[in-house]
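Geometric and topological summary
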Amino acid sequence: MTDIQLLPAVQAFLAREHGHFIDGQYQVDSLTPAFAVVDPSTALTVASVHEASAAEVESAVAGAAKAFKGSWAQTLPYVKGVLLNKLADLIEANGDELAQLETVCSGKSINLARGLEIAQSVVFLRYFAGWATKITGETMTPSLPSFAGEQYTAFTRREPVGVVAGIVPWNFSVMIGIWKIASALVTGCTVVIKPSEFTPLTLLRIAELAIEAGIPAGVFNVLNGRGSIGQQLIEHPLVRKVAFTGSVPTGLAVGRAAMAANLTRATLELGGKNAAAFLADANVDGAVAGIVQTAFVHQGQVCAAPERLYVHRSLVAELTEKLGKALGQLRIGNALDAETQFGPLANSVHFEKILGFFRRAHASNHVVCGGRAVERAGYFVEPTVVMANGADDPLLHEETFGPIVCVLPFDDEQQLVEWMNDSPYGLTASLWTNDLSKALRLIPQIEAGTVWVNMHTFLDPSVPFGGSKASGVGREFGSAFIEDYTELKSVMIRY
Ligand code: NDP
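As the structure is a prediction and not an experimental result, all values here were calculated from the model.

**Some thoughts on the overall build of the chain**
Each helix and strand counted, the chain has 15 helices and 22 strands in total. Rg of the C-alpha trace for the chain: 24 Å, near the compact-globule value of 23 Å for 495 residues, within the 12% margin. If you line up the chain on its principal axes, its C-alpha atoms span 80 × 65 × 40 Å. Across the 495 residues that make up the chain, the buried fraction comes to 59%. For the chain, the share of sequence-separated contacts (at least 6 apart) that also reach a separation of at least 24 residues comes to 73%. Split by element, the accessible area of the chain, about 19300 Å² in all, is 55% carbon and sulfur. In the chain, 36 positive and 48 negative side-chain charges are present, and the distance between their average locations comes to 5 Å.

Put into structure tokens, the structure is as follows:
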């Protein structure tokens, strides 16, 4: 398979017959079709997973609904927090195994899998665990008239909505999965997670760890399969909320299907074509280091990463030259190799899509660096910088979700704001400048869910994250998630 050794526990896990985690049990219906899990570093199959049958979808949702009214409803908020913290401890303790598993399925470099995917999942889980005892309502004093001395009081309760369908993409399957699982569990909901068919394994292992942590059976279920399984989940009458992360076209279909099914509430974290603006006073070396770190992390397959770079004309020559040089020095290699700085793309479909962008760039643009596949097994491409042919260049407007940044020089800051906002998306943006007062004046004009200054792509559990415009509906983490996973019940009392 590869000369980089997998841990025995990972080898043993991969060799299992895989399916789903339903009502506290690993379950496989060997009669349903199986799909292959392919290591993007080698293009070799490492495991196979059976697609869920309609009966398995039914039993996962039924198990989650039973646990919602039963064991999880009877678990005190404090104990819920303790159990989520125990799961965090177990993920940390099994971190090397989980990181290898995710790397071999997703092509994420092992350092990123250990240091970000797994380590940050633990941080997020512990953050959410802290909310368990802090979900509260409000009290009100109604102004109703009193004719015979009667009085009124009112309060609100935040009640869990019920079974949540969590649908996650392949780029950060563990971390994005944990955002949805932890949000659901800490608010008192139960969850059925549908991972991407490209990264179906790590959340299965984490579901086993949840049982080991003491989280009751049925609270956290995993169903594997293609998009149609997600569709069945969304349409199930016992599913009360859909938490989706993925592309804009699928997100639109998911939002419509949820609404049409049962007016099911849906939060949608979708794609972006994120702008980063480098103002005339920006420090070029800092900017180059920042672009390498944030636009090319995980081969650019990060929804929040910058893809459009607006660079003040006075900086363009120096910045593109230094950026091309820095990217040329990244060590490309097998994602399991700790020396690797730039691994493969996640799957063959995405690889072909990125090669298509390269062909278009070579045909119509000046390619500063990269723009080719790397001649080796697996789905490797070069980190790429392209000059835009004006503000309407399609490469400045279509999400590539890959290691391609497109650079456009600007002269005037009002023009810059118009260009930054000239996108159907509004996920993230960044300003690179030491002039804080200028940054503070620009921030309110930028249409994005998150605006960073002198940084990009970094997420923290205390800071809400989500998209504006076509980049989505709703916010994850911070305290904002509570609203999406709970129903607000008003209570009025006459006494
Ligand atoms: P997709 O939208 O293709 O898929 C996302 C998930 O939805 C997968 O589990 C997929 O299953 C499932 N799915 C596909 N069709 C349906 C359907 N009809 N009903 C229900 N579920 C369905 O996205 P990718 O996995 O390709 O991920 C890349 C995209 O995700 C990029 O556009 C990126 O910008 C976005 N993204 C957004 C983030 C954010 O927070 N805003 C974060 C990360 C990624 P399967 O894979 O098996 O088809």
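Still to come is the rest of the account.
**Points about the UniProt feature "active site" (unreviewed entry) in the chain**
The feature "active site" (unreviewed entry), as annotated in UniProt, sits at Glu 269 in this numbering. With respect to the element layout, Glu 269 can be found in strand S11 (residues 265-269). With sequence-adjacent residues up to four places away left out, Glu 269 is seen in contact with Phe 244, Thr 245, Gly 246, Phe 465, Gly 466, Gly 467, Ser 471, Gly 474, Arg 475 and Glu 476.

**Considerations on a nonpolar patch on the surface**
On the surface, Leu 76, Tyr 78 and Val 79 cluster together into a nonpolar patch covering about 320 Å² of accessible area. You can see Leu 76 is positioned in the loop between helix H2 (54-69) and helix H3 (77-93). With a relative accessible area of 58%, Leu 76 lands in the exposed category.

**Remarks on the site of the ligand**
Around the ligand, the structure places 30 residues, and the nearest of them are Glu 197, Ser 247, Leu 270, Cys 303 and Glu 399. In this structure, an oxygen atom belonging to the ligand sits 2.8 Å away from a main-chain N or O atom of Val 168. At 2.6 Å, a side-chain N or O of Glu 399 approaches an oxygen atom of the ligand. In isolation the ligand has 900 Å² of accessible area, and contact with the protein removes 87% of it.

**Structural notes on the pairing of S11**
As paired strands, strand S10 (residues 239-245) and S11 are joined by five bridges and run parallel to one another. For Val 242, the partnering residue across the bridge sits in S11 and is Ala 266. Handedness of the S10-helix H9 (residues 248-262)-S11 crossover: right-handed.

**With respect to empty space enclosed by the protein**
This structure, assessed with the given rule, holds one cavity of 30 Å³ or more. The volume enclosed by the largest cavity comes to roughly 70 Å³. Around the largest cavity sit 15 residues that line it, and Arg 308, Met 420, Tyr 425, Thr 428 and Glu 447 are the ones nearest its centre. If you list the elements that add at least two residues to the lining of the largest cavity, you get strand S12 (274-278), helix H13 (413-421), strand S17 (425-426) and strand S18 (428-432).

The rules behind the values
Residues numbered from 1 in each chain as written. Predicted model: local features only at pLDDT ≥ 70, side-chain atom pairs only at ≥ 80, totals over all residues. Heavy atoms only, no water. Helix = DSSP H or I, 4+ residues; strand = E, 2+ residues; numbered from the N terminus. Rg over C-alpha atoms; globule rule 2.2 N^0.38 Å. Buried < 20%, exposed > 50% of the residue type's maximum accessible area, 1.4 Å probe, protein only. Contact = heavy atoms within 4.5 Å. Areas by Shrake-Rupley, 256 points an atom, 1.4 Å probe, with all protein chains shown as cover. Lys, Arg positive; Asp, Glu negative; His and termini not counted. Charge placed at Lys NZ, Arg CZ, Asp CG, Glu CD. UniProt positions renumbered as here; feature names shortened; annotations may be inferred. Patch = residues over 30% accessible without salt bridge, like charges linked within 9 Å, V, L, I, M, F, W, Y side chains within 5 Å. Salt bridge = Lys/Arg side-chain N within 4 Å of Asp/Glu carboxyl O. Near = heavy atom within 4 Å. Polar contact = N/O pair within 3.5 Å; in protein donor to acceptor, adjacent residues only side chain to side chain. Pairing = 2+ DSSP bridges. Right-handed = clockwise from strand over helix to strand, strands pointing away. 1 Å grid on protein atoms, 1.4 Å probe; cavity = no way out; pocket = protein on both sides within 12 Å on 5 of 7 lines; lining within 4 Å. Points joined across faces, edges and corners; volume = space filled by probe spheres on them.

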